Structure formats: structure tokens, C-alpha cells
Amino acid sequence: MRVLVVYCHPVPESFCAALRDRALAALAAAGHETRLVDLYAEGFDPVMDAEERRGYNIHEPVDDRLAPHIQALRWAQAMVFVYPTWWYGQPAMLKGWFERVWAKDVAFTLADEGGRIEPLMRHVEKLAILTTCGAPRWWSFLVGHPGRKTLLRGIRALCARRCRTLYLAKYEMDAADEPARAAFLARVEHRLAAFFA
């Protein structure tokens, strides 16, 4: 498959970077073609300005800097998101990427008279999320997993009707020692291999 890996973390030596590298290696070993979008490394601008917002429901984004991202979305048959969960959701950089790139005539269409959204990402058959979270699992469940729902419900709704999903989170990340981190990396490799088999 053609797999787009979207990575979002500002610290190059983070555990998320290790997750990214393990995911890319597992996908390559299974023979999949991958592309990496590293939002912080490329200095992606997540801020939508007033003019962009005015045209949001009218036409595809016209900012030339978004063109490679739009092309990558159209290329992908599957996507893997790697990011830290901060304040129960995606980092602002990743949220801004969704807002600016998953736009009208890219990820969805709108009827001229304001009808319902029609998905345009039906070519995406699989979504995988690899994330870290400082909170324990029970607390994340209690607050409703808003970041998880954004991707596995909202974003997934724009993808293939039978789009398969995988969500792997390392909870209590701040207290995780090296054996716990190594075990999670091994779990990610094993689960990704099975998911993309």
C-alpha cells in the first residue's frame, strides 16, 4: 500500500521519534511505499488567516505551501499518525494541519446550497494512530478520549466506508522506564505488521 506517515513532535529525540522510526521500518519491511510528513521539521504553518477562512467553504486552498500536503493526501491509500497527546488531543500543529489541509475539494465537498458534506478521501482504507499520553488510561477514558475521537470518528468518516483503524497509546508516558518503552515499541511493530498485512 501507499502509506502516508504524518509525524508531529517538536523534540527530535522524543519517544514519538522512536515510534515514527519503528513504524517506518515496519512498513518498509512489509514492502509498503511510504511518505513522511514531518510537520515541525518543515516548519508547517498551522495558522489559518482571515482570507483563507473566507474562502474555506468556497474552493480548495490556494496557498502554494499546502500543495505538497494536498498531493500527499491524494496519493495515500493508508495513513499513520504519530504524535503526543497533549491536553487530551492532538498538538496545535497537527490540529492546524487538519484545518488547513483537510479542506473543501480536498477531503470533502459541500453542496452549493449548504447541503451535507460528501467525503473525498474514500481511497484511504486504513488509519493508524500511534501516540503517547502522560495521563493514565482510566483518566483518558473518563474525559472521553477527545483526540482519539477526532481521528477515529471525524477523520475516518471522510475515508473509505470500511476504513479499518488501529489506535495504540502509551499511557503514563512520563513515568515509563526503558523496559516499558521498549515493550511498547515492540508492540507497535507487531501490531502494525498485522494491521498492514
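Summarised in this report is the structure supplied together with it. (Residues numbered from 1 in each chain as written. Predicted model: local features only at pLDDT ≥ 70, side-chain atom pairs only at ≥ 80, totals over all residues. Heavy atoms only, no water.)

In this structure, His-69 sits in helix 4 (residues 67-75). Among the polar contacts listed, one links the side chain of His-69 to the side chain of Glu-42, at a separation of 2.7 Å. (Helix = DSSP H or I, 4+ residues; strand = E, 2+ residues; numbered from the N terminus. Polar contact = N/O pair within 3.5 Å; in protein donor to acceptor, adjacent residues only side chain to side chain.)

Mapped onto the elements of the fold, Lys-170 is located in strand 7 (residues 164-170). The side chain of Lys-170 sits in the buried core without any salt bridge; Glu-172 is the nearest counter-charge, 6.5 Å away. Apart from residues lying up to four places away in sequence, Lys-170 is in contact with Thr-131, Thr-132, Cys-133, Ala-176, Ala-180 and Phe-184. (Buried < 20%, exposed > 50% of the residue type's maximum accessible area, 1.4 Å probe, protein only. Lys, Arg positive; Asp, Glu negative; His and termini not counted. Salt bridge = Lys/Arg side-chain N within 4 Å of Asp/Glu carboxyl O. Contact = heavy atoms within 4.5 Å.)

Time to look at the packing of helix 1 (residues 15-29) against helix 8 (residues 178-195). Their axes nearest at 9 Å, the elements helix 1 and helix 8 cross at an angle of 30°. When the axis of helix 1 is compared with that of helix 8, the two are roughly parallel. Crossing handedness for the pair helix 1 and helix 8: right-handed. Here helix 1 contributes Phe-15, Ala-18, Leu-19, Arg-22, Ala-23 and Ala-26 to the contact with helix 8, which in turn contributes Arg-181, Phe-184, Leu-185, Ala-186, Val-188, Glu-189 and Leu-192. (Axes fitted to C-alpha atoms, helices over the stretch in contact; angles between N-to-C directions. Parallel < 35°, antiparallel > 145°, perpendicular 65-115°, else oblique. Left-handed = near helix turned anticlockwise from the far one by under 90°.)

Within the open sheet, the 5 strands sit side by side as 2-1-3-6-7. Their pairing is parallel. Of all the strands in the sheet, just strand 2 (33-38) and strand 7 have a single pairing partner and so form its edges. Strand-to-strand twist of the sheet, defined as the mean angle between neighbouring strand axes without regard to direction, takes the value 15°. Where helix 4 meets the sheet, its contacts fall on strand 1 (2-7), strand 2 and strand 3 (78-85), and the angle it forms with strand 2 comes to roughly 150°. (Pairing = 2+ DSSP bridges.)

Moving on: the nonpolar core. Judged by nonpolar contacts, the single largest core of 42 residues is most densely connected at Met-79, Phe-81, Trp-97 and Trp-102. Sorting the residues of this core by element identifies strand 1, helix 4, strand 3, helix 5 (92-101), strand 6 (126-133), helix 7 (146-155) and strand 7 as the ones contributing at least two each. In terms of residue count, the dominant contributor to this core is helix 5 (5 residues). With residues up to four places along the chain from it excluded, the contact list for Trp-102 reads Tyr-56, Leu-73, Met-79, Trp-97, Ala-107, Phe-108, Met-121, Ile-155, Leu-158 and Cys-159. Grouped together as the second largest cluster of nonpolar side chains are 25 residues, Val-3, Ala-23, Leu-27 and Phe-196 included. (Core = buried A, V, L, I, M, F, W, Y, C linked by side-chain atoms within 4.5 Å.)

A word on the pairing of strand 2. Here strand 1 runs beside strand 2; their pairing, made up of 6 bridges, is parallel. Bridging from a neighbouring strand, Leu-4 pairs with Arg-35 of strand 2. In this fold, strand 1 hands off to helix 1, which returns the chain to strand 2; that crossover is right-handed. (Right-handed = clockwise from strand over helix to strand, strands pointing away.)

The subject of this paragraph is helix 8. Since the α-helix advances by 3.6 residues per turn, residues separated by three or four positions end up pointing in the same direction. In a regular helix each residue adds 1.5 Å, so 18 residues correspond to 26 Å; helix 8 covers 25 Å between its end C-alpha atoms and thus fits that length. Among the residues of helix 8, those classed as buried are Phe-184, Leu-185, Val-188, Leu-192 and Phe-195. Down the axis, helix 8 shows its buried residues gathered within 100° of arc, on one side only. Turned more than 90 degrees away from the buried face of helix 8, the exposed residues are Pro-179, His-190 and Ala-194. (Expected span 1.5 Å × (residues − 1). Arc of directions from axis to C-beta.)

Now for a nonpolar patch on the surface. Together, Trp-138, Trp-139, Leu-142 and Val-143 line one region of the surface with nonpolar side chains, adding up to about 430 Å² of accessible area. Its location among the elements puts Leu-142 in helix 6 (residues 137-142). (Patch = residues over 30% accessible without salt bridge, like charges linked within 9 Å, V, L, I, M, F, W, Y side chains within 5 Å. Areas by Shrake-Rupley, 256 points an atom, 1.4 Å probe, with all protein chains shown as cover.)

Positionally, Val-37 belongs in strand 2. Along the primary structure Val-37 and Tyr-7 are separated by 30 residues, whereas in three dimensions their C-alpha atoms are 6.0 Å apart. With sequence-adjacent residues up to four places away left out, Val-37 is seen in contact with Leu-4, Val-5, Val-6, Tyr-7, Glu-42, His-69 and Trp-97.

Here we take up unusual backbone geometry. In the Ramachandran plot, Tyr-88 falls in the positive-phi region, its phi being about 70° despite a non-glycine side chain. Checked against the element boundaries, Tyr-88 lands in the loop between strand 3 and helix 5. What makes Tyr-88 partly exposed here is its relative accessible area of 30%. Phi at Glu-172 takes a positive value of approximately 50°, unusual for a residue other than glycine. For Glu-172, the location among the structural elements is in the loop between strand 7 and helix 8. Under the relative-accessibility criterion, Glu-172 is labelled partly exposed at 45%.

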